[in-house]
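Residues per chain are reported as follows:
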Amino acid sequence: MSMEEWTVGGRGFGTLFIFFLIAGEVYTTFTFLGGSGWTFTRGAAVYYVPAYIFLAYVLSYWFVPKIWKYCKDNNLISQPDFFASKYKSTALGILVAIVGCVALIPYIVIQFKGLGIIVSQASYGTITPVMASCIGAAVVATYVMVSGIHGSAWTAIIKDFMILIVVIFLGLYIPFHYFGGIKPMFEAVELVKPELLTLPDAGFSNSWFTSTVIFNAIGFYILPTSFMVILSAKSAKGLRKNAITLPLYTILLLFIFFVGFAAITVIPELEAAQGDLALLMLAIKTFDPWIVGIIGAAGLLTALVPCSVMLMSSAAGLTQNMYKVIVPTASDKHLLTVSKLFIVLISLIALYFTITGGEAMAILNIMSYSLIVQLAPALFLSLQKNNMITKQGAFTGIVTGVVVVLIMTLKGLGIGDLLPHVPQWVQDINGSFVALIMNILVMFFVSLASKVFVSVKQPEYEDVR
Amino acid sequence: MKYIKLLIAVPFIGFLGLLPWANRIEPYILGMPFLLFWLVLWMVISPLLLTIVYKFDPDNKEGETE
């Protein structure tokens, strides 16, 4: 197997195959457990998930085929390759590989956490979550090293099929069993906690929702995983076709929310901090162990499949764009070995955060996107005919954005903390907005400065068409 | 039909722009509180819009092989 074969399947995947790979993102552990969990604790705020996913598909129609075409014409197999090629800078490629990997770690943590929750709940507490996460991590890492992206695509289809049945069954059975229908269920929620059916005036408000949805929608296809799936497509036309049908697929997330809303009145004793357990707790309360077993198995697949894709694309990025730059003489076989070592390393780092951290899955998801969206300005501008951004500008802009996100996340700062006197709706805007603005300002300023002060000739846009 | 791709912006403007107005429980439609229905509505409208874009998009007539 060559690197190209292992990571992007020799660029030969048809429309249907790609559909399932992209749609895989709709049902990950994040939506399965995190989605129902956030419905339970935050109510309508959780609508941000299908909202950003369907808008990401809509947006993809415009820019995804362009990326695919450029990468195909230039034989590129990863996102860092794309940046390195567009800006003629290997340093930028290394930076993007690192940012991509860092952004994926919270996402991998979500999957490991999910594995832990599912196994410990479905074993009725016999296996501890920590032990389950460790076993899960070992299984995923081994699986990816052996099979590459082909394995993921096939399991993705089995997984989607299985999870579809489970989720539709749960989403209909539970509301009808406990309330006699969907509407009576919502009315029951309205009686107890009406505030959960709309967005609140402060906190997870309209402006939080809108800004988060926009950032995540932009970030969706910039995540190295989705980027890699794009590249494995056979044609640009196929990608456009997928963009049309995928928003409909997102509707299926509603069934997950039904489960979460039902949990609000059926298992009110569950603590808010334990929200991610809502779906499984409700299943255990409602069904016989063997059905809980099936639900658990489907849940495991939703963690394993996306996780394998994430591990592979972050490892491939680091190998191609960091290791290979440092050791240019490495053979293809040697690189494949190195990327497998990266898989082990990344798994261990993610496992560390899984065991030590306690954030809700939704918060981890937003963190991932805040980081990856910092690549967006340089990416979108590079698709324009006359890109005025220089490699120095792109580099410093991305570094600035990522550093600001990391500082704000680590210190738990939001816009309200930085600017306490602005109106509430401004305070609620997603914090990565600040990072993005600084990113763009630095990018433009440095680009201008480097054009003036650096006499080196800037790379021109290559129009490959 | 060079500008047909501008239709892509419609779901963003429509769904998110009218969100403050749609952020309500009543009326229930198809058993869903209004805000949830609003979300579903745009998930259905978007593929329709994209189908129109696809039909008129000159990029699809370049004879790319499927």
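Rules used throughout
Residues numbered from 1 in each chain as written. Chains lettered and ligands numbered in written order. Predicted model: local features only at pLDDT ≥ 70, side-chain atom pairs only at ≥ 80, totals over all residues. Heavy atoms only, no water. Helix = DSSP H or I, 4+ residues; strand = E, 2+ residues; numbered from the N terminus. Rg over C-alpha atoms; globule rule 2.2 N^0.38 Å. Buried < 20%, exposed > 50% of the residue type's maximum accessible area, 1.4 Å probe, protein only. Contact = heavy atoms within 4.5 Å. Areas by Shrake-Rupley, 256 points an atom, 1.4 Å probe, with all protein chains shown as cover. Lys, Arg positive; Asp, Glu negative; His and termini not counted. Charge placed at Lys NZ, Arg CZ, Asp CG, Glu CD. Buried area = accessible area lost by both parts, 1.4 Å probe. Salt bridge = Lys/Arg side-chain N within 4 Å of Asp/Glu carboxyl O. Polar contact = N/O pair within 3.5 Å; in protein donor to acceptor, adjacent residues only side chain to side chain. Core = buried A, V, L, I, M, F, W, Y, C linked by side-chain atoms within 4.5 Å. Axes fitted to C-alpha atoms, helices over the stretch in contact; angles between N-to-C directions. Parallel < 35°, antiparallel > 145°, perpendicular 65-115°, else oblique. Left-handed = near helix turned anticlockwise from the far one by under 90°.

Looking at the overall build of chain A
Counting its regular elements, chain A contains 21 helices and 0 strands. In summary, chain A has a C-alpha radius of gyration of 22 Å against a globular reference of 23 Å for 465 residues, a match within 12%. Its C-alpha atoms give chain A principal-axis dimensions of about 70 × 55 × 40 Å. Within chain A, the proportion of its 465 residues that are buried is 60%. The long-range fraction of contacts in chain A, counting pairs at least 24 apart against all pairs at least 6 apart in sequence, stands at 84%. Total accessible area on chain A is roughly 17100 Å²; 69% of this is exposed by carbon and sulfur atoms. Averaging the coordinates of the 25 positive side-chain charges in chain A and doing the same for the 21 negative ones gives two points 13 Å apart.

Examining the interface of chain B and chain A
Taken together, the 36 residues of chain B in the interface contact 43 residues of chain A. Across the chain B to chain A interface the summed buried area is about 3600 Å²; carbon plus sulfur atoms make up 72%. If you look at where chain B meets chain A, you find 0 salt bridges. Along the contact surface separating chain B from chain A lie 2 residue pairs in polar contact (both at pLDDT 80 or more). Elements with a minimum of two residues in the side of chain B that touches chain A: α1 (9-17), α2 (19-22) and α3 (34-56) of chain B. Residue contributions to the side of chain B that touches chain A peak at 13 residues, all from α3 of chain B.

Remarks on the nonpolar core
One finds Y47, Y48, Y52, F209 and I295 of chain A together with F15 of chain B to be the most contacted residues of the largest nonpolar core, which totals 173 residues. A per-element tally of this core places helix α4 (residues 48-73) of chain A first, with 18 residues. Contact partners of Y47 of chain A, with chain neighbours within four places excluded, come to F209, F257 and F261 of chain A together with L35, L36 and L39 of chain B.

So, the packing of helix α9 (residues 206-220) of chain A against α1 of chain B
With their axes 11 Å apart at the nearest point, α9 of chain A and α1 of chain B run at an angle of 155 degrees to one another. One element, α9 of chain A, and the other, α1 of chain B, form an angle in the roughly antiparallel class. In the crossing of α9 of chain A with α1 of chain B, the sense of the turn from one axis to the other is right-handed. Here F209, T210, V213, I214 and A217 of chain A of α9 of chain A come into contact with α1 of chain B, specifically with F12, F15 and L16 of chain B.

Examining unusual backbone geometry
Cis peptide bonds are those with omega within 30 degrees of zero, and the linkage from E26 of chain B to P27 of chain B qualifies with -10 degrees. Along the chain, P27 of chain B falls in the loop between α2 and α3. For N75 of chain A, which is not glycine, the phi torsion reads 55 degrees and is therefore positive. As for its position among the elements, N75 of chain A is in the loop between α4 and α5 (79-86). The phi angle at K88 of chain A is positive, at roughly 50 degrees, despite the residue not being glycine. Relative to the elements of secondary structure, K88 of chain A occurs in the loop between α5 and α6 (90-122).

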